[in-house]
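Observations on the three-dimensional arrangement
What follows is the residue order along each chain.
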Amino acid sequence: MTRPAATILIVDDESQNRKLLEVLLRPEGYFTLSAANGEEALAVIAQRAPDLILLDVMMPGMDGYQVASVLKANPATARIPIIMVTALIDRKARLAGLDAGAEEFLTKPVDRTELWLRVRNLLRLKEFGDFLLNHNLILEQQVQARTAELSETELRFRQLAENIRDVFFLLDADSNRMLYVSPAYEEMFGCSCKSMYANSESWLEAIHPDDLASTYDKYQKGKATGKFGYASRIVRPDGSIRSVEVRAFPVIDAAGNFVRIAGVIEDISERNEAEIRIAYLNRVYAVLSGINTLIVRVTDRDELFREACRIAVEIGGFHMSLIAVEDQSLMEMVPIASAGKDEELLTAIKGLLSSSEHAQNTLVARSIREKKTLVSNNSIGDPQVLLGKHYAQSRVRSMAVFPLIVSDIAVGVLTLYASEIEFFHEEEVKLLTELAGDIAFAIDHIDKQDRLHYLAYYDVLTGLPNRALIDDRLEQGLRTARRNERRLAVMFINLDNFKSVNDTHGRTVGDALLREFASRLASCVRNTETVGRLGGDEFGIILPEIGSSEDAAMLARKLIASCARPHLIEGHELFVSVSIGIALFPGDGVDSEILTRNADTAMNRAKELGRNTYQFFTAEMNRNTQDKLRLEGDLRHALAKGEFLLHYQPKVSCTTGEITGFEALLRWQHPLRGLVGPV
């Protein structure tokens, strides 16, 4: 005969939670009722008592604790098992639930398998308890008449108990004698059932020493009422450790007397391990999220390394984190960022990495060479870990080294240190390897951005600021000079006769001369002054907030003297000079365009005066320059308009008076000035 489907009442103020639980329970064939609050739940139970209740803790009006207390206080509903469904996982919340009468707990979000198992086990326990109650009644009323039926019922019970993995047990409440323990006890505890029948407390010998005191205390207190629950570790005879959860309930006879204790012991080792792994993964996901957010905004390599280490420790809960990069000049790995405040361990690691004898044998060096992740989940006893004693003193139990690979080259490593043994498993390593890849991508991106910035603002040949950066610095200097009412100088410098050096010795020597010249210019200026290459053989210097024009003149003389020294370039002794033009703010111009134009004019004047000298800009220079530009423009227009005329003039011999030839003279028929002869 098919048993009717068990009825389960779902009580939750959130409709989506009720629907989710209904969907999860439906495949198991259960019939479900639902209530949106405590008051509605009591009304439903009054009309139709369910076989089991899934009860939310936090609800408006009556909360789950109050509903459970009311039900357990009523003899008609006291035997209905209650599973409290809650997001609260702290010990205080669970104790409050047990005090209210709950038999089990489920933590939100609810795991489907755990839900099925706990519902199934409680329904079996209820059936078991109901059966025992009826069984006692039968024994009292029909001991002789129902002997055959009793035997058949006991057989069914044993078949039920002996074919499940959980341990069922039945204790006499008065004598504390073990009435029944299922065969699963032998597999779970590694001890015979006979030992339990001989001594009902022999199971205490298997409790882990660290858990024994608290477990025994809970057991002794629970025996008085028959209701107790606890989780502890057991040590099997073979030395293996398992985690078990014990739930016990009182069995009441028809007269209302507490006669037996029925209980179930469940092996929760796999569940505990899964919860630990989830906790570890959550830590790794938090680090992954934090560092990926960092990568989006960071533009500085040092900040990237420093913040990545901080996130790993503060958010990920790692004992320590470290990033080391390969220093090509020293040919060794150098830690450049760390977090965790373990200075003694960090000092030991730095010493090991700088050791010529041992550095190549470290996990860090191997990770760089092999370009793969290396893990030690027992850093104290692992022979491949060279600092086992230091890790033991610092409470480091696991470590993993992740190479930072850029363009197929391992440029450094990210090393994470965990306080837990066996922390780095496949899933964690996979996620953290992806994280190392993200950091490597950020390194590559920052390097490329730095390169683009360098190309945009610096001269590739000399390494000096280019015209764009010179103009930007000049604008900044002008704003400061205006604000502080100070002078500013702009110097244009031309390397005299550079073209002849290029033509004579070739471009390679010419480029080397430009680099040497740039180095000499840079050595003559202060940190607050800017020297840059404007293009070709022209350079510029900005002198912010000078005291007088003599400050600029002194620097000009210093530059001329520095350049006058011979330049030894690839075996050639070269002698060159410079022509320098100087424009002063505010006298020679109030904006950058005028100042640079006037400095260029002064430089050209210095070249006209024989080179190897300097000139300050004057208004007369500007007029001469404008006259030349105007004359050049007029000549171009005259050529286009045909204003030039040829005049022929005879050449007469002074001796004979005869015409011996003629010369052609160009004349300009200017529309305003008339006939213009050669100047």
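Attention here is on the structure that accompanies the text. (Residues numbered from 1 in each chain as written. Predicted model: local features only at pLDDT ≥ 70, side-chain atom pairs only at ≥ 80, totals over all residues. Heavy atoms only, no water.)

Our next topic: the sheet that holds strand S3 (residues 52-56). Strands belonging to one sheet form pairs held by backbone hydrogen bonds; the direction of such a pair is parallel or antiparallel. The five strands lie next to each other as S2-S1-S3-S4-S5, forming an open sheet whose pairing is parallel. Looking along the sheet, the strands with just one partner apiece sit at the ends: strand S2 (31-35) and strand S5 (104-107). Neighbour-to-neighbour, the strand axes of the sheet open up by a mean angle of 20°, direction not taken into account. Both strand S1 (residues 7-11) and S3 contribute to a ladder of four bridges, which runs parallel. Residue pairing in the sheet places Ile10 in a bridge with Leu54 of S3. Seen against the sheet, helix H2 (residues 38-47) touches S1, S2 and S3 and runs at an angle of roughly 140° to S2. (Pairing = 2+ DSSP bridges. Helix = DSSP H or I, 4+ residues; strand = E, 2+ residues; numbered from the N terminus. Axes fitted to C-alpha atoms, helices over the stretch in contact; angles between N-to-C directions. Contact = heavy atoms within 4.5 Å.)

This part covers a negative patch on the surface. A cluster of acidic side chains, namely Asp471, Asp472, Glu475, Asp591 and Glu593, defines a negative patch on the protein surface. It is helix H16 (residues 467-484) that provides the largest number of residues to the negative patch, a total of three residues. Considering the arrangement of structural elements, one finds Asp591 in the loop between strand S21 (578-585) and helix H20 (592-608). By relative accessible area, which is 30% here, Asp591 ends up partly exposed. (Patch = residues over 30% accessible without salt bridge, like charges linked within 9 Å, V, L, I, M, F, W, Y side chains within 5 Å. Areas by Shrake-Rupley, 256 points an atom, 1.4 Å probe, with all protein chains shown as cover. Salt bridge = Lys/Arg side-chain N within 4 Å of Asp/Glu carboxyl O. Lys, Arg positive; Asp, Glu negative; His and termini not counted. Charge placed at Lys NZ, Arg CZ, Asp CG, Glu CD. Buried < 20%, exposed > 50% of the residue type's maximum accessible area, 1.4 Å probe, protein only.)

This part is about unusual backbone geometry. Omega for the peptide link from Lys108 to Pro109 comes to -10°, which places this bond in the cis form. Mapped onto the secondary structure, Pro109 falls in the loop between S5 and helix H5 (112-141). With an omega of 5°, the peptide bond between Phe585 and Pro586 qualifies as cis. Even without being glycine, Asn176 reaches a positive phi, approximately 60°. Looking at where Asn176 falls in the secondary structure, it is placed in the loop between strand S6 (167-172) and strand S7 (178-181). Judged by its relative accessible area of 18%, Asn176 falls in the buried class. Phi at Asp408 is positive, roughly 65°, even though this residue is not glycine. Along the chain, Asp408 falls in the loop between strand S14 (398-406) and strand S15 (409-418). Owing to a relative accessible area of 57%, Asp408 belongs among the exposed residues under this scheme.

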